[in-house]
Structures are given as structure tokens and as C-alpha cells.
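# Structural features, examined
Chain by chain, the residues:
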Amino acid sequence: MANKYFESFRNRAKARANGCPLMDGRTKGNPDDYIGKDLTIEDAFRMTGENGNYYVITVKELKDVFFQTGGSLTDILNDANEIAETEGVPIRDICGGLVFYYEEKTKTKAGRDFRPVRVK
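Residues numbered from 1 in each chain as written. Predicted model: local features only at pLDDT ≥ 70, side-chain atom pairs only at ≥ 80, totals over all residues. Heavy atoms only, no water.

## Overview of the packing of aromatic side chains
Inspection of every chain in the model, using the stated rule, returns 4 aromatic pairs. Between Phe-67 and Tyr-102, the ring centres sit 5.6 Å apart and the planes meet at 55°, which makes this aromatic pair tilted. Taken together, the residues span a long stretch of sequence, with Phe-67 in strand β4 (residues 62-68) and Tyr-102 in strand β5 (residues 99-102) at a distance of 35 residues. Judged on exposure class, the residue Phe-67 and its partner Tyr-102 are both buried. Three or more aromatic residues joined by ring pairs make a cluster, and in this case those are Tyr-34, Phe-67, Phe-100 and Tyr-102. (Phe/Tyr/Trp six-rings, centres within 6.5 Å; stacked < 30°, edge-to-face > 60°. Helix = DSSP H or I, 4+ residues; strand = E, 2+ residues; numbered from the N terminus. Buried < 20%, exposed > 50% of the residue type's maximum accessible area, 1.4 Å probe, protein only.)

In C-alpha cells form, the structure reads like this:
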């Protein structure tokens, strides 16, 4: 009998081993250049770094650019990822079409930089 979980595992293994496909052929965008401008998420890809997980996203308005998410956008996409995993669909099916904009950086009480986002 075939393992019903194998495809899900294989897709995760490919993603971990093969890196982020959303970065291919794109340059890293700087949120400072897009303060207050509406951006529409097309796709997201979960990554893990030394400070925990984050996402690489692509947006409809900038075909040749990707962004790495900060804390506020990561929290939003963690919710989308949870729904996607529960429903067994790609995360883009959950978050694709979400319009947001970056705000100016602020400092947390601990003195760390924080970039708020607003969802429309």
C-alpha cells in the first residue's frame, strides 16, 4: 500500500533542499522604497533563519522583486500557513490577493527595529 503522506513529505523535502523558488530571477526589495504603497501578495514561501521562521513573498505590482517578511507580516502569514496546512492547499491559495502596505520602521520597547504593516 502506498504511503498517503509521502507526497506531502516529498514536497517539503524538495522545498528545504532546493531553496526558495520565489527568489529565482528576482531581486530583493527594500520595504523602505514602498512605504504607504499598496502591494498585493501573489505567493509566499516559508523559510527558516537564525531568528526563526519568516516568508519570502512576491507581489503583483512588482514582478521582478521579492520581499522577506519582518515580524508583523510573518505573523499574518503564519496564520495563512496554518489554514493552508489544515486545508491541504498551497499558501498562495489562502493569502494570494491580500493587499497591504508597509509603514515606517519604529522601535520596540526593547530597542529593536519593527516594521508595521497595514492590511486593506
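## Considering the nonpolar core
Judged by nonpolar contacts, the single largest core of 19 residues is most densely connected at Leu-39, Ile-57, Phe-67, Leu-77, Phe-100 and Tyr-102. If you list the elements that add at least two residues to this core, you get β2 (39-49), β3 (52-59), β4, α2 (71-87), α3 (91-95) and β5. Top element by residues in this core is α2. It accounts for 4 residues. In contact with Phe-100, not counting residues within four places along its chain, are Lys-37, Asp-38, Leu-39, Ile-41, Ile-57, Val-59, Leu-73, Val-117, Arg-118 and Val-119. Listed in part, the 7 residues of the second largest apolar core include Leu-22, Met-47, Tyr-54 and Val-56. (Core = buried A, V, L, I, M, F, W, Y, C linked by side-chain atoms within 4.5 Å. Contact = heavy atoms within 4.5 Å.)

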